Amino acid sequence: MNMRLLVLGLNILVVSILLVVYGILIGDNGLVGIALSTSIIGGVLVVYSTTPQDPSITALMSYSEILTNAIISTLEDLDLLESQICVIKRGNHALLVYSKNPCPIEVDPGVGFTSGSPYLAIPLKTLIEFSESSSETTSTLLERALTTLLIEEYSACRSVRVEEEGGFYRVYINGLIEVLKQYLEKPIDPYTLLTLMAASIALTTRCVRLVDKRIMPDSILLIIGVEHSAEKT
């Protein structure tokens, strides 16, 4: 059991219930809708915290399914279906963030506002332990991390290649497996999620942002940007 996710999920559920009650009392249907959508995320975190964290494709499919189903209605209520996607690093943990603003650093788990715009932040569990070598370039570090995660751990693709160009990283993921292709058009897919997560671990950065995603029949190209921090966390 993941106690951190359990506690966070329960906290989100309690806050959501209070917002529902408050929204009903003041007659704000929009607030009620957002609170109900957020409560789904709390419920998902509670359920997921009690499931075995098996690094298999079946577990990845299950996680992708519940995450996708949970966030779509919330993103619709917040008008964030067309939003920036990034992963914010917080010490040993990370947050998957949807926002109109690229890489909003000062966010908390759940729904909130930053720079006048709403955001949705979902905590992520770190899936790999990664040791770096000072002799490797950042693109090589990222490629090695993605190979460990996508190929060795999950067998989710056939090959991974990373190129650095103008401060951005072009990630070529080839030989996608059929069972994960169904998520490619969703607000978040396993390949994008795992790539952003691996980048946040492998690179000296506090924020990894999805710049572009290009889907092909048997491959996907992800272009990501990073915001470097002064020191590692």
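Keep in mind the model is a prediction, meaning the values are calculated, not measured.

Reading the values: rules and limits
- Throughout, residues of each chain are indexed from 1 in the direction in which the sequence is written.
- Per-residue local features are limited, in this predicted model, to residues with pLDDT of at least 70; the limit for side-chain atom pairs, both in listing and counting, is 80 or more; totals at the level of whole chains, interfaces and linings are taken over all residues.
- Processing note: side-chain calculations cover all non-hydrogen atoms of the structure and skip hydrogens and water entirely.
- Secondary structure elements are defined from DSSP: runs of H or I of at least 4 residues count as helices, runs of E of at least 2 residues count as strands, and each element is numbered from the N terminus.
- In this scheme, a residue with accessible area under 20% of its type's maximum is buried, one over 50% is exposed, and one in between is partly exposed, where area comes from a 1.4 Å probe on protein chains only.
- Surface accessibility follows the Shrake-Rupley procedure with a 1.4 Å probe radius. Residue values consider only the protein chains on display as shielding.
- What counts as a ring pair is set by centres within 6.5 Å for rings of Phe, Tyr and Trp (its six-membered ring), and what kind of pair is set by the plane angle: stacked under 30 degrees, edge-to-face over 60, tilted for all other angles.
- Two conditions define a charge located above a ring, namely a distance within 6 Å from the ring centre to NZ of Lys or CZ of Arg, and an angle within 35 degrees of the ring normal.
- Note on pairing: DSSP must find at least two bridges between two strands before they are called paired.
- Fitting a line to C-alpha atoms yields each axis, with helices limited to the stretch in contact; the angle taken between N-to-C directions then spans 0 to 180 degrees.
- Here a residue-residue contact requires only that any non-hydrogen atoms of the pair lie within 4.5 Å.
- Between Lys or Arg on one side and Asp or Glu on the other, a salt bridge is scored when a side-chain nitrogen of the former is within 4 Å of a carboxyl oxygen of the latter.
- In plain words, nonpolar cores are sets of buried Ala, Val, Leu, Ile, Met, Phe, Trp, Tyr and Cys residues tied together by side-chain atoms within 4.5 Å.
- Here, the term disulfide refers to a pair of cysteine sulfur atoms separated by no more than 2.5 Å.
- Both cavities and pockets are sets of points on a 1 Å grid over the protein atoms alone; in a cavity a 1.4 Å probe fits but cannot get out, in a pocket the set is open with protein on both sides within 12 Å along at least five of seven lines, and lining residues sit with an atom within 4 Å of a point.
- Grid points are joined across faces, edges and corners, and a volume is the space filled by probe spheres set on the points.

What follows deals with the overall build of the protein chain. When you go through the protein chain residue by residue, the secondary structure sums to six helices and eight strands. If you list the helices and strands of the protein chain from N to C, you get α-α-α-β-β-β-β-α-β-β-α-α-β-β. In the protein chain, which comprises 233 residues, the proportion classed as buried is 48%. Accessible surface for the protein chain amounts to roughly 11100 Å². Of this, 55% is attributable to carbon and sulfur atoms.

For the coordinates displayed, the defined rule picks out zero aromatic pairs. Arginine 161 extends its terminal NZ or CZ atom over the ring of tyrosine 172, reaching a point 4.2 Å from the ring centre.

Another aspect to go through is the sheet that holds strand E8 (residues 219-227). Within the open sheet, the eight strands sit side by side as E3-E4-E2-E1-E7-E8-E6-E5. Their pairing is antiparallel. Strand pairing shows two members of the sheet lacking a second neighbour, strand E3 (110-114) and strand E5 (159-165), which therefore form its edges. Ignoring which end each strand starts from, the neighbouring axes of this sheet average 25° apart. Note: E5 against strand E6 (residues 168-174), seven bridges, orientation antiparallel. For serine 159, the partnering residue across the bridge sits in E6 and is asparagine 174. Packing of helix H4 (residues 138-153) onto the sheet brings it into contact with E5, E6 and E8, and relative to E5 it is tilted by some 155°.

Glancing now at the pattern of salt bridges. All told, the structure shown has six salt bridges when counted by the stated rule. Between arginine 158 and aspartate 218 there is a salt bridge whose closest N-O contact spans 3.9 Å. Of this pair, arginine 158 sits in the loop between H4 and E5 while aspartate 218 sits in the loop between strand E7 (207-216) and E8, and the two are 60 residues apart along the sequence. Residue classification places arginine 158 among the exposed positions, given a relative accessible area of 58%. In this structure aspartate 218 comes out as partly exposed when scored by relative accessible area, which is 34%. Where lysine 181 meets glutamate 178, a salt bridge forms, and the shortest distance between an N and an O atom there is 2.9 Å. Taken as a pair, lysine 181 and glutamate 178 lie in helix H5 (residues 178-181) at a separation of three residues, close to a single helical turn. Residue class for glutamate 178 comes out exposed when judged on its relative accessible area of 59%. Several salt bridges share partner residues, and in doing so they unite Arg158, Glu178, Lys181 and Asp218 into one network.

We now examine the nonpolar core. Ranked by size, the top nonpolar core spans 48 residues in total, and within it Leu96, Tyr98, Leu142, Leu150, Ile173 and Tyr191 carry the most contacts. The element contributing the most residues to this core is helix H6 (residues 190-202), with eight residues. In this structure tyrosine 191 touches Leu150, Ala156, Cys157, Ile173, Leu176, Ile177, Leu180, Leu184 and Leu222, once residues within four positions along its chain are discounted. By size, the runner-up hydrophobic cluster in this structure holds ten residues, among which are Cys86, Ile88, Val97 and Cys207.

Here we come to the state of the cysteines. All told, the structure shown has one disulfide when counted by the stated rule. What pairs with cysteine 103 in a disulfide is cysteine 207, and their sulfur atoms sit 1.8 Å apart. Taking the sign of the S-S torsion, about -85° here, the bridge from cysteine 103 to cysteine 207 comes out left-handed. Of this pair, cysteine 103 sits in the loop between strand E2 (93-99) and E3 while cysteine 207 sits in strand E7, and the two are 104 residues apart along the sequence. Like cysteine 207, cysteine 103 is buried. In this model cysteine 86 remains outside any disulfide bridge; the closest cysteine sulfur is found in cysteine 207, 4.2 Å from its own. Judged by relative accessible area, which is 2%, cysteine 86 ranks as buried.

Here we come to empty space enclosed by the protein. Following the criterion strictly, the structure yields two cavities of 30 Å³ or more and no others. There is about 30 Å³ of room inside the second largest cavity. Along its surface, the second largest cavity is lined by Ser64, Leu67, Ile188, Asp189, Pro190 and Leu193.

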